[in-house]
Amino acid sequence: MFIMTRRTVLSTAAAGAAFGLASKLEFVSPAFANTPDEPEVGFYRYRVGSVEVTAVYDGIWRKPHDPAFIKNASIEDTKEALAKAGLPTEFMPIPLTVVVLKIGDRLIMMDAGSGVGQWQANATHLPANMMAAGIDYTKINTIAISHFHPDHVWGLMEKGTNAAVFPDAELIVNAAEYNWWTEPGRVEKLAEGRKPAGKRIAEVFPKWKNWRLVEDGAEVAPGVHIVAAPGHTPGHSVYLVDGGSEQLMVSADIMYVPALLAPHPEWQGAYDQDGPMAIDTRRKLVDRVIADKIAICGSHFPFPGYGTFVKDGNAYGFTPTIQA
Ligand SMILES: [Zn+2]
């Protein structure tokens, strides 16, 4: 694992030399976020067959330890798992990365990021890092959304006004997710802590005309299929990207922070609405990427957020990939 210092910015050539990468790859990042640094510039570009993928760093939530965070593990257990992964243990490091796919001349953004500090004060870097990666928000054709939690959709709305950030992009989401959050009476039924987010979703999202609600298995862009992955939320979904010779699963939150859940896939996070269902989904989909030799990226994986899983007894091991 390479650990670089805060605010280090490497040129393409220097990065290539330092990491043994082909020089055509762009790699500008201090944030192989096994270090919880907050890069001002952080993106990483890789290929999945014919698809160009850009991982763009949004920031990190340094979550104070909380005994309720994992229902069936203690704070000491979670600290031990962090230490084994080489991570700091004084807080729970939850980084956030958004990927953008370039397929032909189409740009498909996978989730919208957390909205420049609307989720956590340390997650404000997405727009600047998108710009550094040469991605213009106004040119994004499609946003394929995994689920309606704030770290994944607050980037759709301007802070304060709730104005649409992507009024011209097609917004794709599993119909089950959209319908659950916008069902009449939903907000009143939510847990107290979720009510403000639920209210915002229910008030703002139905006003927009650019939603495209899809069912499990639909092709949402050339070679990109939605796969239902319920548990984290009722309509939580991942996307399978077929680049011809290679495939990638954009896995959103099924494996959340792999330092915790790869060695302990049975841990039930407070973040999972239905813990047992989330565990089933996690095992099913991670077994699938292992069996089918599919690369995987995740929203809260250590930046740049992609790699491969292997079986490790009844659990899993995660190996980050650096493309050669
Ligand atoms: Zn998340």
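Residues numbered from 1 in each chain as written. Predicted model: local features only at pLDDT ≥ 70, side-chain atom pairs only at ≥ 80, totals over all residues.

**Digging into the overall build of the protein**
Here is step 1 of the chain: Counting its regular elements, the protein contains nine helices and 15 strands.
Here is step 2 of the chain: Expressed as a percentage of its 324 residues, the buried residues of the protein come to 45%.
Here is step 3 of the chain: A separation of at least 24 residues holds for 65% of the contacts in the protein among residues at least 6 apart in sequence. (Helix = DSSP H or I, 4+ residues; strand = E, 2+ residues; numbered from the N terminus. Buried ≥ 20, exposed ≤ 12 C-beta atoms within 10 Å, placed from the backbone. Contact = placed C-beta atoms within 7 Å.)

**Here's the deal with helix 2 (residues 75-84)**
Here is step 1 of the chain: Taken together, the buried positions of helix 2 are Thr-78, Ala-81 and Leu-82. Considered in projection along helix 2, the buried side chains sweep an arc of 100° and stay on one side of the axis. Of the residues in helix 2, the exposed ones pointing more than 90 degrees away from the buried face are Glu-76, Ala-83 and Lys-84.
Here is step 2 of the chain: Buried residues along helix 2 sit against strand 4 (92-103) and helix 8 (258-261).
Here is step 3 of the chain: A positive phi of about 80° marks Gly-86, the residue just after helix 2. (Arc of directions from axis to C-beta.)

**Topic: unusual backbone geometry**
Here is step 1 of the chain: The omega torsion across Phe-303 and Pro-304 is 10°, close enough to zero to call that bond cis.
Here is step 2 of the chain: Tracing the chain through its elements places Pro-304 in the loop between strand 13 (295-297) and strand 14 (306-312).
Here is step 3 of the chain: Even without being glycine, Asn-162 reaches a positive phi, approximately 65°.
Here is step 4 of the chain: Despite not being glycine, Lys-293 has its phi angle at roughly 50°, a positive value.

**A short note on the environment of Lys-159**
Here is step 1 of the chain: Position of Lys-159 among the secondary structure elements: in the loop between helix 4 (150-153) and strand 7 (170-174).
Here is step 2 of the chain: Linking Lys-159 and Gln-118, residues 41 residues apart in sequence, is a C-alpha distance of 6.8 Å.
Here is step 3 of the chain: Those residues in contact with Lys-159 that lie beyond four places of it in its chain are Gly-115, Val-116 and Gln-118.

**Digging into the pairing of strand 10 (residues 224-228)**
Here is step 1 of the chain: Two elements, strand 9 (residues 219-221) and strand 10, share two bridges in a ladder whose sense is antiparallel. Considered in strand 10, the bridge of Ala-221 is made with Val-224.
Here is step 2 of the chain: Turn length for the strand 9-strand 10 hairpin, with the two strands adjacent in sequence and antiparallel, is two residues, and the turn residue Gly-223 shows positive phi of about 80°.
Here is step 3 of the chain: Bridge count between strand 10 and strand 11 (residues 237-242): five bridges; the pairing is antiparallel. Paired with His-225 across the strands is Leu-240, a residue of strand 11. (Pairing = 2+ DSSP bridges.)

**A few points about the confidence of the model for the protein**
Here is step 1 of the chain: Residue-level pLDDT values for the protein average 87, and 86% of them are 70 or greater.
Here is step 2 of the chain: A low-confidence stretch, residues 1-36 stays under pLDDT 50, and its non-local contacts, those more than four residues away or across chains, total 76 contacts. (pLDDT = per-residue confidence, 0-100.)

**Overview of the sheet that holds strand 9**
Each strand in a sheet pairs with another by means of backbone hydrogen bonds, the pair being arranged parallel or else antiparallel.
Here is step 1 of the chain: Judged by pairing direction, the sheet is mixed, and its seven strands sit side by side in the order 9-10-11-12-13-14-15 without closing on themselves. With one partner strand each, in any of the chains shown, strand 9 and strand 15 (315-320) form the two edges of the open sheet. On average, adjacent strands in this sheet sit at an angle of 35° to one another, irrespective of strand direction.
Here is step 2 of the chain: Pairing of strand 14 with strand 15, which is carried by six bridges, proceeds in the antiparallel orientation. When the sheet's bridge partners are listed, Val-310 is paired in strand 15 with Gly-317.
Here is step 3 of the chain: In the packing of helix 9 (residues 275-291) onto the sheet, the strands contacted are strand 11, strand 12 (247-250), strand 13, strand 14 and strand 15, and the crossing angle to strand 14 comes to about 100°. (Axes fitted to C-alpha atoms, helices over the stretch in contact; angles between N-to-C directions.)

**A look at the nonpolar core**
Here is step 1 of the chain: The biggest cluster of nonpolar side chains holds 86 residues, and the ones touching the most others in it are Leu-101, Ile-108, Ile-143, Tyr-239 and Val-250.
Here is step 2 of the chain: For this core, the element with the highest residue contribution is strand 4, accounting for eight residues.
Here is step 3 of the chain: Apart from residues no more than four positions distant in its own chain, Tyr-239 is found in contact with Met-110, Ala-144, Val-224, His-225, Ile-226, Val-227 and Val-250. (Core = buried A, V, L, I, M, F, W, Y, C linked by C-beta atoms within 7 Å.)

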